[in-house]
Amino acid sequence: MYKIARENLPALFRRIAADQELYLPVKVSGQVNFGAWTEDAQVDLDTLKSVKSPKDAFFPQSENLYTVVKEGKKLSVHPEKLKDQKFVVFGMKACDVKGLEVLDRVFLSDPVDTFYAARREHGTVVAMACHEPEESCFCKVFGVDCAEPSADVAVWMVEDVLYWKALTAKGEELTKTAEELLEDADAQEEAKLETEKAAIREIVEKLPYSNLSLEGWNGDALSEKFDSPLWETLYKPCLACGTCTFVCPTCQCYDIKDYDTGHGVQRYRCWDSCMYSDFTMMAHGNNRTSQMQRFRQRFMHKLVYFPANNDGMYSCVGCGRCVEKCPAALNIVKVIKKFAEDSADKAGGEQ
């Protein structure tokens with residue numbers, strides 16, 4: 001276990017960025033998102049959650065796949081180069097790290113997405129424990145311990161001291177890079193850190209959604225949940241804005257488009273949303289023709305379809321971003337609770 005004073009963190013970032021790219025929470029125009037570190041960047045490690053998840057360090061919001069260049073009647077194809085430079089994502093929270101496990105199931109399964117795989121190979125994740133989880137958080141429901149993040153390196157901020165613990169070979173390598181700036185933490189300081197972890201978990205236990213029940217939601221609940229009349233009521237306030245999907249750390253839908261450069265074509269992919277009416281649109285139309293169907297798709301995928309195909313793993317990590325950002329106050333918590341209330345009502349009526 002190592003430590004470094006908060007005042008020395010700029011030197012730590014400078015050292016890490018000397019030979020690899022560094023991404024961390026940066027405040028721009030009052031909003032905190034993950035961005036590239038620069039000397040004048042306003043680094044913000046105190047804001048609990050970035051607006052968007054840091055997943056785009058591994059699954060960018062937009063990326064080129066290849067370019068076709070036209071020279072006269074000749075066409076030449078130039079594939080985009082895969083990521084080959086090491087980089088560090090510093091300050092991810094435990095829920096966002098869990099989100100990467102979900103994305104790994106999607107992009108590292110056959111056929112492997114080589115763009116994602118290259119980033120995972122070259123990326124090192126430094127995860128930061130949550131000092132004060134917020135009311136919108138419910139990561140505990142999905143087995144996430146925000147006091148003990150699992151990544152290449154785990155860090156905790158306690159009284160202006162950052163504690164550092166390498167957990168993987170990548171983490172050990174990064175530790176060696178920064179070892180001249182890190183000091184050994186003594187037994188007393190390690191005990192202080194254990195007190196911090198206990199305090200974090202105590203806060204988690206008091207959060208309103210921490211004991212949300214997932215009873216009835218699993219890979220075997222397909223017909224029961226799909227055919228429920230509750231969807232017709234739940235979806236109506238939905239604006240189909242897609243905000244929930246763009247802030248989510250596990251959403252992986254994307255579209256592939258061609259851009260005419262005037263002297264060729266640039267093929268790129270960009271995030272898409274199952275909440276949009278033109279999502280998966282083909283020549284014959286769309287297989288989900290109503291907003292109710294699209295709304296149902298989002299939550300069925302996270303709570304039924306994904307666990308059915310991934311050994312029970314849910315495609316939600318309880319980060320709470322959708323709880324905070326939905327302009328119509330619709331989110332996965334509301335869906336789960338509404339179905340629980342309906343089950344309780346039915347059970348009461350049968351007695």
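Scroll up a little and you will see the structure.
Described below are features of the structure shown in this document. (Residues numbered from 1 in each chain as written. Predicted model: local features only at pLDDT ≥ 70, side-chain atom pairs only at ≥ 80, totals over all residues. Heavy atoms only, no water.)

Observations concerning empty space enclosed by the protein
Enumeration over the complete set of coordinates arrives at five cavities of 30 Å³ or more. Every residue lining the largest cavity is counted, 17 residues in all, and those nearest its centre are C238, C244, M275, C326 and L330. Listed by contribution, the elements that provide at least two residues to the lining of the largest cavity are α8 (243-247) and α9 (291-309). Considering every element that reaches the lining of the largest cavity, the biggest residue donor is α9, with three residues. Its volume calculated, the second largest cavity comes out at about 90 Å³. Looking at the second largest cavity, it is lined by 14 residues, and the ones nearest its centre are C248, P249, C316, C319 and C322. Elements supplying a minimum of two residues to the lining of the second largest cavity: α9 and α10 (321-325). Tallied by class, the residues present in the lining of the second largest cavity amount to eight nonpolar, three polar and three charged. (1 Å grid on protein atoms, 1.4 Å probe; cavity = no way out; pocket = protein on both sides within 12 Å on 5 of 7 lines; lining within 4 Å. Points joined across faces, edges and corners; volume = space filled by probe spheres on them. Helix = DSSP H or I, 4+ residues; strand = E, 2+ residues; numbered from the N terminus. Nonpolar A, V, L, I, M, F, W, Y, C, P; charged D, E, K, R; others polar.)

Digging into the sheet that holds strand β12 (residues 264-271)
Pairing is antiparallel across the open sheet formed by four strands, whose spatial order is β5-β4-β12-β11. Bordering the open sheet on either side are β5 (74-79) and β11 (254-260), each of which pairs with just one other strand. For this sheet, the mean angle separating the axes of adjacent strands, direction not counted, is 20 degrees. (Pairing = 2+ DSSP bridges. Axes fitted to C-alpha atoms, helices over the stretch in contact; angles between N-to-C directions.)

Concerning α9
Along its 19 residues, α9 runs 25 Å from first to last C-alpha, staying within 8% of the 27 Å computed at 1.5 Å per residue. Burial analysis of α9 places 14 of its 19 residues in the buried class, which makes it a mostly covered element. Looking one or two residues past α9, D311 carries a phi angle of roughly 55 degrees, positive in sign. (Expected span 1.5 Å × (residues − 1). Buried < 20%, exposed > 50% of the residue type's maximum accessible area, 1.4 Å probe, protein only.)

Quick notes on the pairing of strand β6 (residues 87-92)
Burial within β6 is extensive, with six of its six residues counted as buried. Inspection of the sheet shows strand β2 (residues 21-28) paired to β6 by three bridges, in the parallel sense. Bridge pairing in β6 links Y23 to V89. Strand direction decides the pairing type here: β6 and strand β7 (residues 123-128), joined by five bridges, are parallel. Opposite F87, over in β7, you have G123 as the bridge partner.

Quick look at the sheet that holds strand β9 (residues 161-166)
By way of backbone hydrogen bonds, the strands of a sheet pair with one another, either parallel or antiparallel. Pairing in this open sheet of eight strands is mixed, and the strands run β3-β2-β6-β7-β8-β9-β1-β10 from one edge to the other. Strands at the two margins of the open sheet, each flanked by one partner only, are β3 (31-36) and β10 (183-184). In this structure, strand β1 (residues 2-5) lies alongside β9, joined through four bridges in antiparallel fashion. Residue pairing across strands places I4 opposite L162, the latter belonging to β9. Here helix α3 (residues 114-122) sits on the sheet in contact with β6 and β7, set at roughly 65 degrees to β7. Its contacts with the sheet put helix α5 (residues 187-206) on β1, β8 (153-158), β9 and β10, and the angle it makes with β8 is roughly 85 degrees. (Contact = heavy atoms within 4.5 Å.)

Here we look at the pattern of salt bridges
All chains considered together, the criterion is met by 28 salt bridges. Of the charged contacts in the structure, one is a salt bridge between D56 and K52, with a shortest N-O distance of 3.3 Å. Judged by relative accessible area, which is 23%, D56 ranks as partly exposed. Residue K52 is classed as partly exposed on the basis of its relative accessible area, which comes to 22%. Close ionic contact of R120 with D104 constitutes a salt bridge, the shortest N to O distance being 2.8 Å. (Salt bridge = Lys/Arg side-chain N within 4 Å of Asp/Glu carboxyl O.)

Focus on the packing of aromatic side chains
Throughout the structure, instances matching the rule amount to 16 aromatic pairs. For the ring pair F107 and Y116, a centre distance of 5.0 Å and an interplane angle of 35 degrees mean the geometry is tilted. Relative accessible area serves as the criterion here: at 5%, F107 is assigned to the buried category. Exposure remark for Y116: the relative accessible area of 1% places this residue in the buried category. Connected via pairs of aromatic rings, a cluster forms that spans F59, F107, Y116, F246, Y254, W271 and Y276. Residue placement shows R269 over the ring face of Y254; its charged tip is 4.8 Å from the ring centre. (Phe/Tyr/Trp six-rings, centres within 6.5 Å; stacked < 30°, edge-to-face > 60°. Lys NZ or Arg CZ within 6 Å of the ring centre and 35° of its normal.)

Some details on the nonpolar core
Soluble, globular proteins show a tendency: their nonpolar side chains are buried together. Grouped together as the largest cluster of nonpolar side chains are 31 residues, with contacts concentrated most on F138, W217, W231, F295, I332 and V335. For this core, the elements supplying multiple residues, two or more each, are α7 (230-234), α9, α10 and α11 (332-350). Looking at this core, the element that brings in the most residues is α9, giving six residues. Contacts of W217, omitting those with residues within four sequence positions, involve K225, W231, L303, V304, Y314, V335, I336 and F339. The next biggest cluster of nonpolar side chains, apart from the first, holds 23 residues, and it includes L9, L12, L162 and L174. (Core = buried A, V, L, I, M, F, W, Y, C linked by side-chain atoms within 4.5 Å.)

What to know about the environment of F142
You can see F142 is positioned in the loop between β7 and β8. Here F142 falls in the buried class, since its relative accessible area comes to 9%. Linking F142 and D260, residues 118 residues apart in sequence, is a C-alpha distance of 44 Å. Those residues in contact with F142 that lie beyond four places of it in its chain are K98, L214, Y314, C316, V317 and G318.

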